[in-house]
2 protein chains.
Amino acid sequence: MKYWSQTYIPTLKESPSDAEIASHKLLLRAGLVRKLGGGLYTFLPAGLKVMQKISQICREEMDRAGAIELAMPFIHPSENWVEGPRWAAAREIMYRVDHAGAGKGRAKEPEFVLGPTHEEIITPLVKTEITSYRDLPKNFYQIGTKFRNEIRPRYGLMRAREFVMKDAYSFDTTDEGAIISYGKMKEAYTAFFNRCGLKTIPVEADTGVMGGSFSHEFMVPAPVGDDDIVYCEQSGYSANREKATSGIVPKDLADAAPAGALEEFATPGIVTIAALAAAPYNVAADQQFKTLVYMGDGKPFLVILRGCDDLEEAKLGALGFQLWRPATPEEIEPVMGAKPGSLGTVKGTIKNPGALAGIFADHAIRLIGNGTTGANKDGFHLRNVNVTRDLEITRFGDFRSVRAGEPCPKCGAPLKIDRAIEVGHIFKLGTKYSEKFGAVYTDDQKQSHPMVMGCYGIGISRTLQAVIEQSNDADGIVWPWQVAPWQVLVVNLDPQDAAAKDLCAKLAAAAESAGAEVLIDDRAERPGVKFKDADLIGLPLRLTVGGKGLKEGIFEMKWRRAKEITKVPIADAERVVAEAVRQAAQA
Amino acid sequence: MKYWSQTYIPTLKESPSDAEIASHKLLLRAGLVRKLGGGLYTFLPAGLKVMQKISQICREEMDRAGAIELAMPFIHPSENWVEGPRWAAAREIMYRVDHAGAGKGRAKEPEFVLGPTHEEIITPLVKTEITSYRDLPKNFYQIGTKFRNEIRPRYGLMRAREFVMKDAYSFDTTDEGAIISYGKMKEAYTAFFNRCGLKTIPVEADTGVMGGSFSHEFMVPAPVGDDDIVYCEQSGYSANREKATSGIVPKDLADAAPAGALEEFATPGIVTIAALAAAPYNVAADQQFKTLVYMGDGKPFLVILRGCDDLEEAKLGALGFQLWRPATPEEIEPVMGAKPGSLGTVKGTIKNPGALAGIFADHAIRLIGNGTTGANKDGFHLRNVNVTRDLEITRFGDFRSVRAGEPCPKCGAPLKIDRAIEVGHIFKLGTKYSEKFGAVYTDDQKQSHPMVMGCYGIGISRTLQAVIEQSNDADGIVWPWQVAPWQVLVVNLDPQDAAAKDLCAKLAAAAESAGAEVLIDDRAERPGVKFKDADLIGLPLRLTVGGKGLKEGIFEMKWRRAKEITKVPIADAERVVAEAVRQAAQA
């Protein structure tokens, strides 16, 4: 048992003005963390206890799944990253480490970086350590701090510069083995979040800069989430927005017949979809082709969408570029022959088609069939543009953003979209990293093959905050039993009274022998302050001792989740408290 | 219990060539760590288990002493350091953190630094959080990773760039309170090292760049240590070399009477103590004055020693400069009027005495009385130099290095000097940081005072290696019971045999119920390999199952520390194992 006076839980009446969301406010008000700088938080005793509990639950589930704990350094030699497959993208979000002596003749790349994740460290380690199929499969995990150059840290621990993660890396001999390892992690994640009392939705996700063949995110629905999840209540389909598709293009859609001859027309000053949709042109947005120019690893490429659709930028990841970004007007004109607003991909109209890395079209433009597009001549467009007859297309793909209400790709029912927070992410990586780093094994025929990898992350500090975001009310946090900093709060209303003090110790001892952790509020504060703080810090079970009740031979028992207060005769104290603790622990 | 095949303990027959000392070799050979880069180590499963055990012992002792655990960020805004009292010195040993976008217009100081210690973080936090004497004393601690720009990392975890420390910071209202807090930490440290099975010697130490009024280091004697400890076996006096004094200058030494008139003599080409001690001059080194020029925070100052003595640079810390270093010849000549080799401090001979920040003389020059010194004129010296009559001295102090065999300052017995490793360090800081950051409290009279601080560090990862350095033999590590990754190793010589497997599980279960952690070697390796590995990884108790013994109804029990092997009848297995575990745990 711990006395409030012997630990440090500085509750606040008001929340600091820069806390925007409920969980961030409660982290501060309940004395769990304090801000050191943007995206940098000190964990105060109660916050640290929760973090240690969540870490321990995670450790147990990883161990149960056969993963092996180790701990890699936070500082990485940057050569590991430079040699790896994603330095160009990763260097933007990584902190660089050097020292005062490195001021002059500073190298282009720093000597060290701070790890945002550890594929570039574990793969070379495994390459050196493990060479035979006999020593595979292996899944290594660690629980530790990660660093990310967040330009705009916000929402407390949700988007921080320094945060705690569990990351795991599996190594298998075969693709089938890798899928089994992936499945074990998916199960362990589900068990972990359940034990933390956190409701999550696993969704299909984009593999992004990680590469790899497929992935799932574990999402916590929350209005303040950074991500959108797209889901169908009927079929159970779910995916994050970056990966989500819809069924708006029928599978059996026939290519449209040409509607007439291509025809150029003057559109002076018209450079937006909306302007062309208005009088006097009246070309509906869903009958326009939208032509976007991007730079992929330094080369321009085109993406064609319907005028009414938005590009889902992450989907460009399927094209195989490491880095991509919108081209600047200066980059566009020499290639296309026109400025943005008059661009198109009709054969023969692009000024320098040889400069392009490709022309990629969203499937949905087939719904247009014949439409209107830019003529690659400032102030001119073309009409009667037939997809099959007129457009230069390297490859069709899914590039558009799904909208709520579109048909589910599985069953056709309307899709829903909600904001959500990502708390876990599992990837089947394949051989991207093992090939790059030469992490190979020899099979029983002495043949050499790259190991098949998976990687698996849980945001431990983010999970902590997500629990609060999902589990609070107007008065404060409502901790789930397993991750509460202490499960039982004994409130002593008469801390100077020997009988009250004795009873508190007795109740605490009873709760402890039943397996709970106990905090005793022994502060010299008014009852009102104590009750308000009790609700704010949100321990699941409150036992109140003192005042009139004590004289009458009773104490009070109240669950944080409920309104009712039970009066318990002191004679029954041990039995009742032990029973309550056991029930709560099993729930 | 854990099966060897389900964890990862990659033992090595040979130790990598860059491992210089026994403990570093054993860390690698016993599969505890692997090197990622200079001073950067990955902790493999067994190494991490030891680190977690040592951390937990430390946590328990800190909690017992009333300290409160929290966790501060690793990344610090550099303004915290710039505002603090030791940025000039600390910036040299700190890593700087920035990002790819910071390339152009890079500020002189980085946005962030990596914390080597946390005074600059905790003091402003406490300043904001705690304002009343009612909330004091408080002692906050954390266990976490620290970073240090080691130019020459070596000896494995001993001098690493990234390492794990426990750091604690106490805040008291009075000096007496601070001394009590200091005493509690000293006790807790002693208990901690004892529980880790590590013999340490607490020595008086220099406060160095930390500042503060006094400090103790906890040292582990070891030939490869970075530090020297000076001690007296008779009086118990002990101090590190930087702080050690001896009794060579008698307390009642009278100032010498002048031996004659000052006399200049030509010493062409003579620029060393040794040369002047040789023919034809024959001035014994202990009759020469040695004049050293240093720069202190940019200003020159002088230190005078006997010619036979060496300067103990750290002792210059007593002079109040933040940074000091030897002056260059270019800095010396304009001030002194001569080059090094002809310097002195006889009144009137210094060219520009106004430029000096002071002239500081070691007490031992009083043993010379009348001697020889440079004339501040190249190629000339002065003889009959009387300390009292002739020398300009701002202040006397203790600046020389103690030598083995000199008299103990307490009892006069000869001092000994040994190499040692520092594993813990406690400082009484006073108000240096609280004044700088404004960490004040109001007393019961509403008067405001700076808090009186202490700070306390334990090198957790260094302790791990120190245990190995102190506890090993030719065959491998000999783990103390409390910090062994597992306490009991069950060696299965016939892993394919069902009876052997069953007995192993039974022995493991018996050891576990008695409170031990068990590793079962179930590998398909020859007995010779298993026994060699058993000695190498050094678990305290080995139980061997299989082969002839199993058929005869016995298993073998052997302590790692001992040579004898006991044959135990299987029928007695549970009792004997439980008994052995209980005895070892209490030892």
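Definitions and limits used
Residues numbered from 1 in each chain as written. Chains lettered and ligands numbered in written order. Predicted model: local features only at pLDDT ≥ 70, side-chain atom pairs only at ≥ 80, totals over all residues. UniProt positions renumbered as here; feature names shortened; annotations may be inferred. Helix = DSSP H or I, 4+ residues; strand = E, 2+ residues; numbered from the N terminus. Buried ≥ 20, exposed ≤ 12 C-beta atoms within 10 Å, placed from the backbone. Contact = placed C-beta atoms within 7 Å. Nonpolar A, V, L, I, M, F, W, Y, C, P; charged D, E, K, R; others polar. Pairing = 2+ DSSP bridges. Core = buried A, V, L, I, M, F, W, Y, C linked by C-beta atoms within 7 Å. Axes fitted to C-alpha atoms, helices over the stretch in contact; angles between N-to-C directions. Parallel < 35°, antiparallel > 145°, perpendicular 65-115°, else oblique. Left-handed = near helix turned anticlockwise from the far one by under 90°. Domains from an automatic or database assignment. Least-squares fit on C-alpha atoms with pLDDT ≥ 70 in both. Expected span 1.5 Å × (residues − 1). Arc of directions from axis to C-beta. pLDDT = per-residue confidence, 0-100.

For chain A, the name recorded in an unreviewed UniProt entry is Proline--tRNA ligase, with Oleiharenicola lentus as its organism. As its UniProt record puts it under Catalytic activity (unreviewed entry), chain A is described as follows: "tRNA(Pro) + L-proline + ATP = L-prolyl-tRNA(Pro) + AMP + diphosphate".

Asks: What am I meant to see in the overall build of chain A here?
Replies: Along its length, chain A carries 15 helices and 32 strands. Each of the three principal axes of chain A carries a C-alpha extent, and together these read 95 × 65 × 55 Å. Out of the 587 residues belonging to chain A, those deemed buried represent 48%. Sequence separation of 24 or more characterises 72% of the internal contacts of chain A that already satisfy a separation of 6 or more.

Asks: Can you help me understand unusual backbone geometry in this one?
Replies: Peptide bonds are, in most cases, trans, and in most cases residues other than glycine have a negative phi. Between A:A279 and A:P280 the backbone carries a cis peptide bond, its omega angle lying at 5°. Of note, A:P280 is situated in the loop between α7 (273-277) and β15 (289-296). Cis peptide bonds are those with omega within 30 degrees of zero, and the linkage from B:L136 to B:P137 qualifies with 0°. Checked against the element boundaries, B:P137 lands in the loop between α5 (119-129) and β8 (138-147). A positive phi angle is found at A:Y155, which is not glycine, with a value near 60°. The topology assignment puts A:Y155 in the loop between β8 (138-147) and β9 (162-172). Looking at A:Y155, the number of C-beta atoms within 10 Å reads 21, which means it is buried. Of note, the phi angle at A:D297 is positive, near 50°, even though the residue is not glycine. By secondary structure assignment, the location of A:D297 is in the loop between β15 and β16 (299-306).

Asks: So what exactly am I meant to see when it comes to the interface of chain A and chain B here?
Replies: Reports of interface size often rely on the accessible area that becomes lost once the parts have come together. With 42 residues of chain A at the contact, the number on the chain B side is 42 residues. Secondary structure elements with two or more residues in the side of chain A that touches chain B: β2 (33-37), β3 (40-43), α2 (45-64), β4 (68-69), β5 (75-77), β6 (95-99), α5 (119-129) and β8 of chain A. Grouping the amino acids of the side of chain A that touches chain B by side-chain chemistry returns 24 nonpolar, eight polar and 10 charged. Pairing of β6(A) with strand β6 (residues 95-99) of chain B, which is carried by five bridges, proceeds in the antiparallel orientation. For A:V97, the partnering residue across the bridge sits in β6(B) and is B:V97.

Asks: Teacher, can you tell me more about the nonpolar core here?
Replies: Across soluble globular proteins, nonpolar side chains have a tendency to be buried as a group. Residues A:V488, A:V490, A:L507, B:V488, B:V490 and B:L507 are the most contacted members of the largest nonpolar core, which totals 268 residues. Contact partners of B:V488, with chain neighbours within four places excluded, come to B:A511, B:A516, B:V518, B:L539, B:L541, B:L543 and B:V581.

Asks: Which parts of the structure should I look at to understand the sheet that holds strand β16 (residues 299-306) of chain B?
Replies: The strands making up a sheet associate through hydrogen bonds between their backbones, and the pairing can be parallel or antiparallel. Residues and elements named next belong to chain B. Taken in spatial order, the five strands make up an open sheet running β17-β15-β16-β18-β21, and their pairing is mixed. Every interior strand has two partners, whereas the edge strands, β17 (324-326) and β21 (395-397), have only one. Between one strand axis and the next, the sheet turns through 35° on average, direction left out of account. By the bridge criterion, three bridges tie strand β18 (residues 359-362) to β21 in an arrangement that is parallel. Each residue of the ladder has a partner; that of F360, found in β21, is R395.

Asks: Just checking my understanding: could you explain the packing of helix α2 (residues 45-64) of chain B against helix α11 (residues 460-470) of chain B for this structure?
Replies: In helix packing, the relevant descriptors are the interaxial angle and the interaxial distance, both defined with respect to the helix axes. Residues and elements named next belong to chain B. Running from amino to carboxyl end, α2 crosses α11 at an angle of 115°, the nearest separation of the two axes being 10 Å. Taken together, α2 and α11 sit at an angle that is classed as roughly perpendicular. For the pair α2 and α11, the crossing hand works out as right-handed. Counting all contacts with α2, which are made through V50, M51, I54, S55 and C58, the residues of α11 involved are I460, S461, T463 and L464. Residues belonging to the contact of α2 with α11 are distributed by class as follows: six nonpolar, three polar and no charged.

Asks: Please explain the domain arrangement of chain A as it appears in this structure.
Replies: Residue and element names in this part refer to chain A. Domain boundaries in chain A define domain 1 (18-245 + 417-468), domain 2 (263-397) and domain 3 (486-586). Each of domain 1 and domain 2 has a C-alpha centre, and these two points are 37 Å apart. At the interface, eight residues of domain 1 touch six residues of domain 2. Here the residues of the side of domain 1 that touches domain 2 sort into two nonpolar, two polar and four charged.

Asks: How do you make sense of the relation of the copies chain A and chain B when you look at a structure like this?
Replies: One copy of the chain maps onto the second through a rotation around an axis plus a translation along that axis. If you rotate chain A by 180° and push it 0.0 Å along the axis, it lands on chain B with an RMSD of 0.1 Å. The transformation just described matches what one would write down for a two-fold rotation axis. Relative to the rotation axis, the closest C-alpha in chain A is found at A:V97, a distance of 2.4 Å. The residues that chain A uses at the interface reappear at the interface of chain B in 100% of cases, marking a shared surface.

Asks: Help me understand the sheet that holds strand β14 (residues 263-266) of chain B in this model?
Replies: All names here are of chain B. Spatial strand order, β14-β20-β19: three strands in an open sheet with antiparallel pairing. Taken across any chain shown, the strands that pair with only one partner, and hence form the sheet edges, are β14 and β19 (370-374). Direction aside, neighbouring strands of the sheet carry axes that sit 25° apart on average. Summarising the sheet, β19 and strand β20 (residues 380-386) pair through four bridges and their orientation is antiparallel. Its bridge partner being in β20, N370 is matched across the sheet by N386.

Asks: Please explain the packing of helix α12 (residues 498-513) of chain B against helix α15 (residues 573-586) of chain B as it appears in this structure.
Replies: All names here are of chain B. Look at α12 against α15: their axes get within 8 Å of each other, and the N-to-C directions meet at 40°. In terms of orientation, α12 and α15 fall into the oblique class. Crossing of α12 against α15: the hand is right-handed. Seen from α12, the contacting residues are K506, L507, A510, A511 and S513; seen from α15, they are A573, E574, V577, A578 and V581.

Asks: It is not clear to me how α12(B) should be interpreted in this structure. Could you clarify?
Replies: Quick reminder: α-helices carry 3.6 residues per turn. Residues three or four places apart thus point the same way. Residues and elements named next belong to chain B. The end-to-end C-alpha distance of α12, which contains 16 residues, comes to 23 Å, matching closely the 22 Å that a straight helix rising 1.5 Å per residue would cover. All of the buried residues in α12 are A500, L503, C504, L507, A508, A510 and A511. The arc enclosing the buried residues of α12, seen along the axis, measures out at 160°, which places them on a common side. Opposite the packed face of α12, turned more than 90 degrees from it, sit the exposed residues A498, D502 and S513. The secondary structure elements touched by the buried residues of α12 are β28 (488-492), β29 (518-521), β30 (541-545), α14 (547-552), β31 (554-559) and α15.

Asks: What am I meant to see in the confidence of the model for chain A here?
Replies: Interpretation of this model should avoid reading the predicted coordinates in detail wherever pLDDT is low. Overall, the prediction assigns chain A a mean pLDDT of 94, with 98% of residues at 70 or greater. Overall fold confidence (pTM) sits at 0.87, and the ipTM for the predicted complex is 0.86.

Asks: Is there a simple way to think about the pairing of β20(B) in this case?
Replies: All names here are of chain B. Most of β20 sits out of view: five of its seven residues are buried. Of the pairings in the sheet, the one linking β14 to β20 comprises four bridges and is antiparallel in character. Opposite A266, over in β20, you have F380 as the bridge partner. Counting the residues in the hairpin turn of β19 and β20 gives five residues, including N376, whose phi is positive at 55°.

Asks: Just checking my understanding: could you explain the pairing of β31(B) for this structure?
Replies: Each regular strand shows side chains that alternate between the opposite faces of the sheet. Residues and elements named next belong to chain B. By the bridge criterion, four bridges tie β30 to β31 in an arrangement that is antiparallel. Bridged to L543 within β31 is M557. Between β31 and strand β32 (residues 565-569), which pair antiparallel and follow one another directly, the connecting turn spans five residues.

Asks: In this structure, what is going on with the environment of B:N472? I would like to understand it.
Replies: All names here are of chain B. Within the fold, N472 resides in strand β26 (residues 472-473). As for N472 and L536, which are separated by 64 residues in sequence, their C-alpha atoms are 9.1 Å apart. Apart from the residues lying within four places of it in its own chain, the contact partners of N472 are A22, L26, I477 and V478.

Asks: It is not clear to me how the environment of B:A178 should be interpreted in this structure. Could you clarify?
Replies: Residues and elements named next belong to chain B. In this fold, A178 is placed in helix α6 (residues 175-195). Counting along the chain gives 82 residues from A178 to G260, while the straight-line C-alpha distance between them is 53 Å. Discounting residues that sit within four places of it in the chain, A178 has contacts with S170, D172, K428, V452, M453 and G454.

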